[in-house]
Amino acid sequence: MKDEVTLMKGNEALAMAAIRYGADAYFGYPITPQSEVLEKLEEEMPWDTTGMVVLQAESEVAAINMVYGGAMTGKAVFTSTSSPGFSLMQEGVSYLAASEVPALLINVQRGGPGLGTIHASQADYFQACKGGGHGDYHMIVLAPSSVQEMADMVALGFDLAFKYRCVSMILADGTIGQLMEKVVLPEQRPRRTDEEIRQQCPWAVNGRKGMRPSNVITSLELDDDKMEENNWRFQATYREIEKNETRCELVDVEDCDYMITAFGTTARIAMKTMELARKEGIKVGLFRPITLWPFPEKELREAAKNVKGILCVELNAGQMIEDVKLAVECKMPVEHYGRFGGNVPTPDELLNVLKEKLINK
Amino acid sequence: MINEIVIAGFGGQGVLSMGKILAYSGLMEDKEVCWLPSYGPEQRGGTANVTVIVSDERISSPVLNTYDVVVVLNQQSLDKFESKVKPGGILMYDTYGIHKKPTRTDITVYPIEATEATIEMNNSKTFNMIVLGALLHVRPMVTIESVLKALKKTLPERHHHLIPLNEQALNKGASLIK
């Protein structure tokens, strides 16, 4: 099974990678453009092979609470949805974060707000990176820009969630979800045994068998001082994550005069824009954050120190640009270009924008 | 060599599956490939289109605005995509139901009578393989052997007996190019 190159949709790669990771359970509710995750899982019937549970819940609210329950037992559980579905899940996300239990959430974004459209969007950047649910919490937010990364980020997301006892999110979009590309899936790993979970997750609520004091997992703490103490502990974890886990890709930034910052689908489109620009003798580089939270602030500051201007391209009205501006401390012009409602810019469109907003200014 | 292709037509004409087989054929030859469908309501009637890239180099953007090859199977798609063929590129269209022919002169235009050919073959389901055969005749980006291998890989075993029929359709398509 190892190293076999196959063609697969991004959504299917998520499903296959989760089975191969040895995930214990999936709870979800279908919504375009991510329904292939659930469809692929049901087609593969992993309950017969690895023993993984696949359950179509009655709603997104039910699904996230099933994830919450599963996560408390130290099992590797995940869900997937698209924008309106993820809005429904926000209470659960906040509870997961406050309870310090690991889980993997996937949002294959579509155009909003509201029920919106079914095509690609990146308008949930704020929701994913700056909260969404209530309270001071963060998720680790991973932004895949290829089908291979869709597959790879499942294991990465789970591993980081368990390492820090936090929630990981894969923030994809409709285009990457529906796109079919070459992918090499990871090797099949066995699901962890109850004994392994007991060792790795001493906090889990999985039956103490008279061996240890009871574990209690709750997000409720009515004592203000204790709740403040909890918050300090959460914040310490977030600082640790910020220190260790930023990831980004730099393409042709060494000699570039202008830089595009983009993630996910737009980063792929921007790569083509770079090729077109370089053919015209315009030196453009690309900075692609792979973790949206923690945002690779230092890396961007360093990479952008000699550029004349930055164009931040997103499928929204201007969200990541705030982090870009903070990172470079507004030392150079930072312009935004967004398409929304499910529309996606083309490579030549971005080149024209780059000229208009930065080069010919 | 990079082949940036769009195939467009009515939902149900086999546009998406033709693109998928082309992409799989590229995979059989170890090429870089990607397949990006229009998804959602279009698949259930109305127009459907798919972008396929078959390349010897790493593929950057799966989203394109101009193409080396445009294959259109109805009038709406012809109207929409004629302007998106790169200068020097290829425009192939099925002549059935086309009342407004393409007018560009800086590209190579191949009208093919694919719908008529399905009647000769007495099987309307061979349509997309006839078109693919014609396409690969003018732009041999993958071999017919690779297409047959791809069919074997993508079709469920119970349909493998249809592979010879598909091969006939591919050959029929090639013969439509004068």
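Conventions and cut-offs
Residues numbered from 1 in each chain as written. Chains lettered and ligands numbered in written order. Predicted model: local features only at pLDDT ≥ 70, side-chain atom pairs only at ≥ 80, totals over all residues. Helix = DSSP H or I, 4+ residues; strand = E, 2+ residues; numbered from the N terminus. Buried ≥ 20, exposed ≤ 12 C-beta atoms within 10 Å, placed from the backbone. Contact = placed C-beta atoms within 7 Å. pLDDT = per-residue confidence, 0-100. Pairing = 2+ DSSP bridges. Axes fitted to C-alpha atoms, helices over the stretch in contact; angles between N-to-C directions. Nonpolar A, V, L, I, M, F, W, Y, C, P; charged D, E, K, R; others polar. Arc of directions from axis to C-beta. Domains from an automatic or database assignment. Parallel < 35°, antiparallel > 145°, perpendicular 65-115°, else oblique. Left-handed = near helix turned anticlockwise from the far one by under 90°. Core = buried A, V, L, I, M, F, W, Y, C linked by C-beta atoms within 7 Å. Expected span 1.5 Å × (residues − 1).

Peer 1: A description of the overall build of chain A should follow, citing residues and the corresponding values.
Peer 2: Scanning chain A for helices and strands turns up 14 helices and 14 strands. Each principal axis of the C-alpha distribution contributes one length, and for chain A these read about 70 × 50 × 35 Å. Relative to its full complement of 361 residues, chain A shows a buried share of 52%. Contacts in chain A between residues far apart in sequence, at least 24 positions, make up 79% of those at least 6 positions apart.

Peer 1: Before we move on, could you go through the confidence of the model for chain B and cite the residues and values that matter?
Peer 2: On average, residues of chain B score 94 in pLDDT, and 97% of them are at 70 or above. Interface predicted TM-score (ipTM) for the complex: 0.93; the corresponding pTM is 0.96.

Peer 1: Got a sec to walk through the sheet that holds strand β1 (residues 2-10) of chain B? Specific residues and values, please.
Peer 2: The 8 strands are arranged β1(A)-β8(A)-β2(B)-β3(B)-β1(B)-β4(B)-β5(B)-β6(B) in an open sheet whose pairing can be described as mixed. Because the sheet does not close on itself, it has two edges, and the strands there are β1 (5-9) of chain A together with β6 (108-112) of chain B. Between one strand axis and the next, the sheet turns by 25° as a mean value, whatever way the strands run. Where β1(A) lies against strand β8 (residues 180-184) of chain A, 5 bridges are found, and the strand directions are antiparallel. Of the residues in β8(A), the one forming a bridge with A:M8 is A:E181. Contacting β4 (67-72), β5 (85-94) and β6 of chain B, helix α4 (residues 127-138) of chain B crosses the sheet at an angle of about 150° to β5(B).

Peer 1: Would you mind going over the interface of chain A and chain B in detail, with residue names and values included?
Peer 2: At the junction of the two partners, chain A supplies 21 residues and chain B supplies 16 residues. Broken down by secondary-structure element, the contributors of at least two residues to the side of chain A that touches chain B are β1, α8 (174-178), β8, α11 (264-279) and α14 (347-359) of chain A. Broken down by class, the residue content of the side of chain A that touches chain B amounts to 10 nonpolar, 4 polar and 7 charged.

Peer 1: Explain helix α5 (residues 144-154) of chain B to me, and be specific about the residues and the numbers.
Peer 2: Within the span of α5(B), buried status applies to B:S146, B:V147, B:A150 and B:L151. Axial view of α5(B): buried residues confined to an arc of 145°, hence all on one face.

Peer 1: Just give me the short version of the pairing of strand β2 (residues 32-37) of chain B, but keep the residues and values in it.
Peer 2: Burial runs high along β2(B): 5 of the 6 residues are buried. Inspection of the sheet shows β8(A) paired to β2(B) by 2 bridges, in the antiparallel sense. Bridge pairing links A:E181 to B:C34 in β2(B). In terms of strand pairing, β2(B) meets strand β3 (residues 47-55) of chain B through 6 bridges, oriented antiparallel. In the sheet register, B:P37 faces β3(B), and the bridge partner there is B:V50.

Peer 1: Could you give an account of the domain arrangement of chain A, with specific residues and numbers?
Peer 2: All names here are of chain A. According to the domain assignment, chain A consists of domain 1 (5-194) and domain 2 (249-359). One C-alpha centre belongs to domain 1, the other to domain 2; they are set 27 Å apart. At the junction of the two partners, domain 1 supplies 26 residues and domain 2 supplies 21 residues. Elements with a contribution of two residues or more to the side of domain 1 that touches domain 2: α6 (125-129), β6 (140-142), β7 (167-173) and α8.

Peer 1: So what's going on with the packing of α4(B) against helix α6 (residues 163-175) of chain B? Residues and values would help.
Peer 2: In a pair of packed helices, the angle between the axes and the distance between the axes together describe the arrangement. Residue and element names in this part refer to chain B. Packing of α4 against α6 brings their axes to within 6 Å, and their N-to-C directions diverge by 50°. Here α6 runs oblique to α4, going by the angle between their axes. Classified by chirality, the crossing of α6 by α4 is right-handed. Residues M129, I130, V131, L132, G133, A134 and H137 of α4 form the contact with α6, whose own contacting residues are N166, A169, L170, N171, K172, G173 and A174. Partitioned by chemical class, the residues of the contact of α4 with α6 number 8 nonpolar, 5 polar and 1 charged.

Peer 1: Could you give an account of the nonpolar core, naming the residues involved and the relevant values?
Peer 2: Residue and element names in this part refer to chain A. If you look at the biggest cluster of nonpolar residues, it comprises 172 residues, and the most contacted ones within it are A103 and V141. The element contributing the most residues to this core is helix α7 (residues 147-164), with 9 residues. For this core, the domains that each give at least three residues are domain 1 (5-194) and domain 2 (249-359). Residues within four places of A103 in sequence aside, it is in contact with V67, A71, V77, F78, L96, A161 and V167.

Peer 1: I'd love a proper account of the pairing of strand β4 (residues 77-81) of chain A, names of residues and values included.
Peer 2: When a strand is regular, its side chains alternate between the sheet's two faces. All names here are of chain A. The buried fraction of β4 amounts to 5 of the 5 residues, a majority that puts the element mostly inside the structure. For strand β2 (residues 25-28) and β4, the ladder comprises 2 bridges, and the chain directions are parallel. Bridge pairing in β4 places Y26 opposite F78. As paired strands, β4 and strand β5 (residues 103-109) are joined by 4 bridges and run parallel to one another. Each residue of the ladder has a partner; that of T81, found in β5, is N107.

Peer 1: Could you give me a rundown of the environment of A:G51, with the residues and numbers involved?
Peer 2: Here A:G51 is to be found in the loop between α2 (36-44) and β3 (53-56). C-beta crowding within 10 Å serves as the criterion here: with 12 such atoms nearby, A:G51 is assigned to the exposed category.

Peer 1: So, α4(B): which residues are in play, and what are the values?
Peer 2: Residue and element names in this part refer to chain B. Given a rise of 1.5 Å per residue, 12 residues ought to cover 16 Å, and the 17 Å separating the end C-alpha atoms of α4 matches this to within 8%. Most of α4 sits out of view: 10 of its 12 residues are buried. Looking only at α4, the buried set comprises F127, N128, M129, I130, V131, L132, G133, A134, L135 and L136.

Peer 1: Give a description of unusual backbone geometry that names residues and reports values.
Peer 2: Note on backbone geometry: most residues besides glycine have negative phi, and most peptide bonds are trans. Between A:G112 and the following residue, A:P113, the backbone shows a cis peptide bond with an omega angle of 0°. Among the structural elements, A:P113 can be located in the loop between β5 and α6. Here the residue pair A:W293 and A:P294 is connected by a cis peptide bond, since its omega of 0° sits within 30 degrees of zero. Tracing the backbone through its elements, the reader meets A:P294 in the loop between β12 (291-293) and α12 (297-303). The phi angle at A:K209 is positive, at roughly 50°, despite the residue not being glycine. Of note, A:K209 is situated in the loop between α9 (194-200) and α10 (224-244). Unlike most non-glycine residues, B:N122 shows phi in positive territory, near 60°. Tracing the chain through its elements places B:N122 in the loop between α3 (114-120) and α4. Judged by the 7 C-beta atoms lying within 10 Å of it, B:N122 falls in the exposed class.

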